[in-house]
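# Topology and contacts: notes
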Amino acid sequence: MVLHAQLSAALADIKAGRFQQALSALTILQESRPKTPDVWRLSAMAARKTGAYAQAEHWLETALSLEADNPESWNALGLTQDALNRPEAAVGSFQTALQKAPQFIPAAINLARLHLRSGAAQQALAVMKPFAQQPQAHLVLAQASQQCGHPQTALELYAGLVRREPQNVHAHYGLAVCLIELGEPARALPTLDALCQAGFGPAHYPRFTALARLGRHDEALQAVQAALHETPTDSSALHGMAQLYWMMGRADDIAPRFETCLTDSQGAVAVYAAYLDVLIQMERFKDARALADRAGALHGENTWLKARRLSIEIESGAADAACELALAVLEKGPPASELRGNLARALLMGGAFEHSRALIQEARAASPGDRFWVAMQATQARADGDRSSYEALVNLDDFTMTAPLKTPDGYRDLAHFNSDLAVVLRRMHDFTAAPLDQSLRAGSQTPTDLRHSKEPVIKAFFAMVERAFNTYRDQLSPQDGHPLLGAIPDHFELAGAWSVRLQSDGRHVNHVHPEGWISSVYYVDVPPQVAGSPDHEGWLKFSEPPFDVAGLGPERYVEPRAGELTLFPSYLWHGTVPIQSGERLTIAFDIKPRG
């Protein structure tokens, strides 16, 4: 009874913020009751509150040596390891807590949050699904659903939380962000206004997004400045600011704003990195090189800067300079994993195939599902002259399909359907300039995901697509381990959908779609001169990488015809030949197996 009272008093001190008082009492108990797990667990709790995480970890390990099946100790150990910046160890501890007690929801929530922070939203969703009926799980379950591309599901969960917990700012915030994703920024704005006025800093950036979507650009710029005042190194806000200036046709305002951000942040790495990314996307390579030199003089030649120096030379087409930089990095030992992509591209450009081959093999083994690395493996095989390995990955006859869609009910023919579809899509193209971070050049892209549109003509389009995809899928033959054929799904879902409007000199630079399994393009309207064009004007092209490798040009062109849909593997390099005049209006979407 005395021990119980002493432990209760220590716990009360911890809850009241009297951490040192609790530790003093618990230190005495450590000597007198060394075999009592709760003594060590409470000691660790108090130590964590004071920031003594290494000491807390030691005491939790002591507690677990006495009581290995205690899920609370495993959960606390995971939180401590996360605070020590050891996320892999933390994942293991949370998983062990759930193995010991499968219904222990605190460990599930902490594990899911860790997955969300690392971008593993599907894993977070899988962790939380068994707890879907428990209200305390709904916030993390909503966040996981949202990150997995299911904003309607997330919206319903957030709405329930708002009804039950009207003071829960995270639920209000999530609800507003979902409304923006679902194409309803006007409904989101009052909530975001209230959150900003209440001092909830994270609301400034989605408020910027909502205002930009509503065409209230001056207010949007004020909102993004508020976001940067709150967090000067916010990468999303920095890129969003540049995007809006660019898409408003005010590119000359971007550099001065970044210079102000550099001053305000005292030259923070995150600001330099975002500024360099934007200059590269704007193709201002001379300015980017000068900025990289400034960043290097202040911060040294770290991994993040090496990656961007490589990007400058790759994107500017300076093959020799890019390859020289890459070889210099390799000479210093095994490169950081985040450098692999740019290193492999630079080495392929410079013809250093032995080096690029080793990097690509290593990356493919480490990330077998990564679509970019499948494309790089195919490029390497083609550069090596290994047609057998290349064609196993890129069989254009079997893996691509172009066919007209069936006219939906209620329309006389595809021409009338496309005419109605074009009217709706053109209304959704709010900007005349393409986003900076997309493959699009000289054109525009719809800002809201078309999957969430309530327009009947767009819903009819997706119904048409499902029939066509089923035909495509049924023509594929399963093959274990193949990036396309190894996981032919019985059930699938759209991973994203958007419309692109190309105008004079409009094109897509070559790229892949890392989020998809199958990608597509549907032709709504095309300029008359593309029909039979001897120069392939406006045509889709396959297999040409987005960096110069001698002899690796396009292997196939597809003539765009209104009413036709082309399907192909998401890892297949694809782009378009520029149109010289007129308008090329399309819908694109990605398909993935349903999780």
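The preceding data block contains the structure.
Summary of the structure given here. None of these values were measured; they are calculated from a predicted model. (Residues numbered from 1 in each chain as written. Predicted model: local features only at pLDDT ≥ 70, side-chain atom pairs only at ≥ 80, totals over all residues. Heavy atoms only, no water.)

### Considerations on the overall build of the chain
Secondary structure assignment for the chain yields 27 helices and nine strands. Relative to a compact globule of 595 residues, whose C-alpha radius of gyration would be 25 Å, the chain shows 27 Å and is just as compact. Based on the C-alpha atoms only, the size of the chain along its principal axes is roughly 90 × 60 × 55 Å. Relative to its full complement of 595 residues, the chain shows a buried share of 51%. (Helix = DSSP H or I, 4+ residues; strand = E, 2+ residues; numbered from the N terminus. Rg over C-alpha atoms; globule rule 2.2 N^0.38 Å. Buried < 20%, exposed > 50% of the residue type's maximum accessible area, 1.4 Å probe, protein only.)

### So, unusual backbone geometry
Even without a glycine there, the phi angle at Asn85 is positive, about 60°. Secondary-structure assignment places Asn85 in the loop between helix H5 (71-83) and helix H6 (87-100). For Asn85, a relative accessible area of 65% puts it in the exposed group. In the Ramachandran plot, Ala442 falls in the positive-phi region, its phi being about 55° despite a non-glycine side chain. Structurally, the position occupied by Ala442 is in strand S2 (residues 440-445).

### Description of the sheet that holds strand S5 (residues 540-542)
Across the sheet, three strands lie side by side as S6-S5-S8; this open sheet has antiparallel pairing. The open sheet has two edge strands, strand S6 (556-558) and strand S8 (574-576), and neither has a second partner. The sheet shows a mean angle of 30° between the axes of neighbouring strands, taken without regard to direction. Relative to S6, S5 is paired through three bridges, and the arrangement is antiparallel. (Pairing = 2+ DSSP bridges. Axes fitted to C-alpha atoms, helices over the stretch in contact; angles between N-to-C directions.)

### Points about the environment of Gln503
The residue Gln503 is located in strand S3 (residues 492-508) in this model. Residue class for Gln503 comes out partly exposed when judged on its relative accessible area of 35%. Placed 86 residues apart in sequence, Gln503 and Phe417 show a C-alpha to C-alpha distance of 22 Å. When near neighbours in sequence (up to four residues on either side) are disregarded, Gln503 contacts Ala442, Ile579 and Gly582. (Contact = heavy atoms within 4.5 Å.)

### Here we look at the nonpolar core
Met128, Leu192 and Phe258 are the most contacted members of the largest nonpolar core, which totals 113 residues. Counting residues in hydrophobic clusters, the runner-up holds 61 residues, among them Leu414, Met464, Leu485 and Phe542. (Core = buried A, V, L, I, M, F, W, Y, C linked by side-chain atoms within 4.5 Å.)

### Focus on the side chain of Gln380
By the element assignment, Gln380 lies in helix H23 (residues 371-384). Setting aside anything within four residues of it in sequence, one finds Gln380 in contact with Leu348, Phe353, Ser356, Arg357 and Ile360.

### Concerning the pairing of strand S7 (residues 564-569)
When a strand is regular, its side chains alternate between the sheet's two faces. Counting buried positions along S7 gives six out of six residues, so the element sits mostly inside the fold. Across five bridges, the pairing between strand S4 (residues 518-525) and S7 is antiparallel. Residue pairing for S7: Val521 is matched across the bridge by Thr566.

### Brief notes about the packing of H6 against helix H7 (residues 105-117)
When two helices pack together, you describe them by how their axes are tilted relative to each other and by the distance separating the axes. Direction vectors running N to C along H6 and H7 enclose 150°, while the axes themselves pass 9 Å from each other. Between H6 and H7, the angle is such that the two are roughly antiparallel. Crossing of H6 over H7 shows left-handed handedness. Contacts between H6 and H7 involve Pro87, Ala90, Val91, Phe94, Gln95, Ala97 and Leu98 on the former and, on the latter, Ala107, Ala108, Asn110, Leu111, Leu114 and His115. Of the residues in the contact of H6 with H7, the class split is 10 nonpolar, three polar and no charged. (Parallel < 35°, antiparallel > 145°, perpendicular 65-115°, else oblique. Left-handed = near helix turned anticlockwise from the far one by under 90°. Nonpolar A, V, L, I, M, F, W, Y, C, P; charged D, E, K, R; others polar.)

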